[in-house]
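Overview (structure and organization)
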Amino acid sequence: MKKLLTSVVAAVACYAGVASAAEIKPAVVYDLGGRFDRSFNQAAYTGAEKYKADKGTEYRDFEIQNNSQREQAMRNFARRGMNPIVAIGFSQASALEKVAKEFPDTKFTIVDMVVDLPNVQSVVFKEHEGSFLVGVLAAMASETGKVGFVGGMDIPLIRKFACGYAQGVKYANGDAEVFQNMTGTTGAAWNDPVKGGELAKSQFDRGADVVYHAAGGTGVGVLQAAADAGKLGIGVDSNQNGLHPGSVLTSMLKRVDVAVYEAFDAAAGDSWAPGLTVLGLAEGGVDWALDENNEKLITADMKDAVAKAKEAITSGSLEVHDYMSDSACPM
């Protein structure tokens, strides 16, 4: 998987010419927020759709509306012979662990959490590394020296995004100020664009002129508030630059799409294996987005600075602190 993620383009080109070695019936269970949250879940949907287009393999998916549906959806898919089943989000772990034990011959992949079972593949990302890069860009784009972060559910994983971002901001401008707000403490925090917009506006009112979100569907409101205020937003997970061209500075890419694609393809090619895969900058698992929607916002100096930071991180000469390693942030 790590080789695949080093180059998405190369991966897709390779897969397009290889026939599946086994018949599969893949399925995806999205987290709260749904397949069209324009962020985390939608990245998974994009990967599944890409596999379908490349291979002609149909898949099933399910959008949970509450926590009780997680276990029900996975069990129903397993009973119907769906295999592999990909669970999107850390909140799926408890349900997946229970259902995976009931169906030991079914392959399960979970994104954003580790479940240690012989029929489960766990994929996690170094979000702090990608967040560091967009933090560098935020600091360099800011005219006030004040930037913001809006998280979704207040959990260690989202603190990990926030801490990586703050480190990147301070790396580029040691005098910069970083505001932080979390949307809530329940799953509803992923799908509240109104509150996301309100939190972003409060940070703009305090002087921030760039705000990064890691909030799923809630982040749509953050980016809208930035556009309305004539400020800059930063997207997450999927490339959200096109939501408000010229107002989204960049997006921190988290390649959930490729993780889903590879889970399907590995199962089809009989190369699927349980265990843990950790994907960061070096593996192509995270990055920042540059396209026609934001190219006028990114100066040559900004490109150079973020390229140097990326090289330093991938070479190991610069280590970005992982909040989840000790529940603390040095910034």
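Fair warning: this is a prediction, and the values are worked out from it, not measured in the lab.

Criteria and thresholds
- Residues numbered from 1 in each chain as written.
- Predicted model: local features only at pLDDT ≥ 70, side-chain atom pairs only at ≥ 80, totals over all residues.
- Heavy atoms only, no water.
- Pairing = 2+ DSSP bridges.
- Helix = DSSP H or I, 4+ residues; strand = E, 2+ residues; numbered from the N terminus.
- Axes fitted to C-alpha atoms, helices over the stretch in contact; angles between N-to-C directions.
- Contact = heavy atoms within 4.5 Å.
- pLDDT = per-residue confidence, 0-100.
- Parallel < 35°, antiparallel > 145°, perpendicular 65-115°, else oblique.
- Left-handed = near helix turned anticlockwise from the far one by under 90°.
- Nonpolar A, V, L, I, M, F, W, Y, C, P; charged D, E, K, R; others polar.

Turning our attention to the sheet that holds strand 5 (residues 120-125). Spatial strand order, 2-1-3-4-5-11: six strands in an open sheet with parallel pairing. If you trace the sheet from one side to the other, it starts and ends with strand 2 (60-63) and strand 11 (275-279), each paired once. Here the strands of the sheet are splayed against their neighbours by 15° on average, with no regard to which way each runs. Where strand 4 (residues 108-111) and strand 5 come together, four bridges link them in parallel fashion. Paired with Phe108 across the two strands is Val120, which belongs to strand 5. Together, strand 1 (27-30), strand 2, strand 3 (85-88) and strand 4 form the strand contacts of helix 3 (residues 40-55), whose direction differs from that of strand 1 by roughly 170°. Its contacts with the sheet place helix 5 (residues 93-102) against strand 3, strand 4 and strand 5, and it is angled at close to 170° to strand 4.

Once that is clear, we can look at the confidence of the model for the protein. Do not read the fine detail of predicted coordinates wherever pLDDT is low. In this model, the protein carries a mean pLDDT of 93, and residues with pLDDT of at least 70 account for 94%. Across residues 2-20 the pLDDT falls below 50, and counting only partners more than four positions away or on other chains, this stretch makes 29 contacts in the model.

Packing of helix 6 (residues 127-141) against helix 11 (residues 300-315) brings their axes to within 10 Å, and their N-to-C directions diverge by 155°. Considered as vectors, helix 6 and helix 11 are oriented roughly antiparallel to each other. Judged by the sense of rotation from one axis to the other, the crossing of helix 6 with helix 11 is right-handed. Two secondary-structure elements touch here, helix 6 through Glu129, Phe132, Leu133, Val136, Leu137, Met140 and Ala141 and helix 11 through Asp301, Met302, Ala305, Val306, Ala309, Lys310 and Ile313. Tallied by class, the residues present in the contact of helix 6 with helix 11 amount to eleven nonpolar, no polar and three charged.

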